[in-house]
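Observations on the three-dimensional arrangement
One-letter residues, chain by chain:
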Amino acid sequence: MRTATHAPRIYWFVVCSHTRIARVDGAYVPVPDSVAHAKQMGSSLTACGKPVGTWTRLFEIAFPSDGENCADCLAAVTPRR
Ligand SMILES: [Zn+2]
């Protein structure tokens, strides 16, 4: 078994039911046009437990997004102290 020198960072990206195309830094890219949920690579559920199904996976956009975010996902991915 390989021993990692440090734990991999948990990375959440945005999934959403609707996207639109926006110009970001001169490129046209899909951005959320509905509430953004959080998903991890390899999972078929969002952080709030919804099946992702046909939702668009925006691997380039880290959760939380600049737009509207799912409150349950926010609570799930925010480390508690
Ligand atoms: Zn959610």
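Everything below is about the structure shown above.
A brief report on the enclosed structure follows. (Residues numbered from 1 in each chain as written. Predicted model: local features only at pLDDT ≥ 70, side-chain atom pairs only at ≥ 80, totals over all residues.)

Another point: the overall build of the protein chain. Counting its regular elements, the protein chain contains one helix and five strands. Listed N to C, the secondary structure of the protein chain is β-β-β-β-β-α in terms of helices and strands. Out of the 81 residues in the protein chain, the part that is buried amounts to 20%. In the protein chain, of all internal contacts separated by at least 6 residues, the share reaching a separation of at least 24 is 60%. (Helix = DSSP H or I, 4+ residues; strand = E, 2+ residues; numbered from the N terminus. Buried ≥ 20, exposed ≤ 12 C-beta atoms within 10 Å, placed from the backbone. Contact = placed C-beta atoms within 7 Å.)

For A36, the position within the fold is in the loop between β3 (27-32) and β4 (37-40). Considered as a pair, A36 and F63 are 27 residues apart in the sequence and their alpha carbons are 7.8 Å apart. If near-sequence neighbours (up to four positions away) are discounted, A36 is found in contact with V14, C16, F63, P64, S65, G67, E68, N69 and C70.

Judged by pairing direction, the sheet is antiparallel, and its three strands sit side by side in the order β4-β1-β5 without closing on themselves. Strands at the two margins of the open sheet, each flanked by one partner only, are β4 and β5 (56-62). Each adjacent strand pair in this sheet contributes to an overall mean axis angle of 45°, direction not counted. Of the pairings in the sheet, the one linking strand β1 (residues 12-16) to β4 comprises four bridges and is antiparallel in character. Each residue of the ladder has a partner; that of F13, found in β4, is K39. (Pairing = 2+ DSSP bridges. Axes fitted to C-alpha atoms, helices over the stretch in contact; angles between N-to-C directions.)

Now for the pairing of β1. When β1 meets β5, the two strands line up antiparallel, connected through four bridges. The residue bridging F13 from the neighbouring strand is A62, located in β5.

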